[in-house]
Amino acid sequence: MPTSTWKKNELSWASIGAKRNHFEAEDCRHPIFSIECKQRSEANYPKTLKNWFAQAQRNAAPGKIPILSIHLTGDRRTEDLVIMRRGDFEDLYGTLQASPETII
């Protein structure tokens, strides 16, 4: 039986040492990160988000990683969302393997 696309999305996070949960709170567990995976078709992808990130990419100076920060008026800055490309994330952090003390 073929693996569903959403499941492949979750399983792909093994590249940084995450493990897929089966019907638990978080989609993927990791010693440092709690990963929630979402997948949408182009038609259902939030256009504003895509446009904002495209602007971050266009405006990034050569050699710098574009990051999109989304702030909700009235919230604390520590609650802002920070979005970056997964490839850049993996380039920065590589494969994050758990030490024996941190295995979940």
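Residues numbered from 1 in each chain as written. Predicted model: local features only at pLDDT ≥ 70, side-chain atom pairs only at ≥ 80, totals over all residues. Heavy atoms only, no water.

## Notes on the overall build of the protein
Counting its secondary structure elements, the protein contains three helices and five strands. In sequence order, the secondary structure elements of the protein are arranged as α-β-β-β-α-β-β-α. The burial tally for the protein puts 19% of its 104 residues in the buried class. Here the protein has roughly 8,200 Å² of accessible surface; of this, 54% comes from carbon and sulfur atoms. (Helix = DSSP H or I, 4+ residues; strand = E, 2+ residues; numbered from the N terminus. Buried < 20%, exposed > 50% of the residue type's maximum accessible area, 1.4 Å probe, protein only. Areas by Shrake-Rupley, 256 points an atom, 1.4 Å probe, with all protein chains shown as cover.)

## Some words on the packing of aromatic side chains
Taken as a whole and assessed by the stated rule, the structure comprises four aromatic pairs. Ring plane angle 45° and centroid distance 5.0 Å describe the contact between F89 and Y93, whose orientation is recorded as tilted. Within this pair, F89 and its partner Y93 are both found in helix α3 (residues 86-93), separated by four residues, close to a single helical turn. Sitting above the plane of the W13 ring, R86 keeps its charged end 3.8 Å from the centroid. (Phe/Tyr/Trp six-rings, centres within 6.5 Å; stacked < 30°, edge-to-face > 60°. Lys NZ or Arg CZ within 6 Å of the ring centre and 35° of its normal.)

## Thoughts on the side chain of D27
With respect to the helices and strands, D27 occurs in the loop between β1 (19-20) and β2 (28-29). One buried charged residue, D27, forms no salt bridge at all, with the nearest opposite charge on K38 at 5.3 Å. Leaving out residues up to four positions away in the same chain, D27 has contacts with E10, K19, R20, N21, I35, E36 and C37. (Lys, Arg positive; Asp, Glu negative; His and termini not counted. Salt bridge = Lys/Arg side-chain N within 4 Å of Asp/Glu carboxyl O. Contact = heavy atoms within 4.5 Å.)

## With respect to the layout of surface pockets
Size it by volume and the largest pocket reaches roughly 1,000 Å³. If you go around the largest pocket, you meet 23 residues; those closest to its centre are W13, E36, I83, M84 and R86. Elements supplying a minimum of two residues to the lining of the largest pocket: β3 (34-35), α2 (47-59), β5 (81-83) and α3. Residues belonging to the lining of the largest pocket are distributed by class as follows: 14 nonpolar, three polar and six charged. (1 Å grid on protein atoms, 1.4 Å probe; cavity = no way out; pocket = protein on both sides within 12 Å on 5 of 7 lines; lining within 4 Å. Points joined across faces, edges and corners; volume = space filled by probe spheres on them. Nonpolar A, V, L, I, M, F, W, Y, C, P; charged D, E, K, R; others polar.)

## Considering the environment of R86
Within the element layout of this structure, R86 appears in helix α3. Exposure remark for R86: the relative accessible area of 26% places this residue in the partly exposed category. Considered as a pair, R86 and W13 are 73 residues apart in the sequence and their alpha carbons are 9.8 Å apart. Contact partners of R86, with chain neighbours within four places excluded, come to S12, W13 and S15.

Read these as spatial facts, not as claims about activity.
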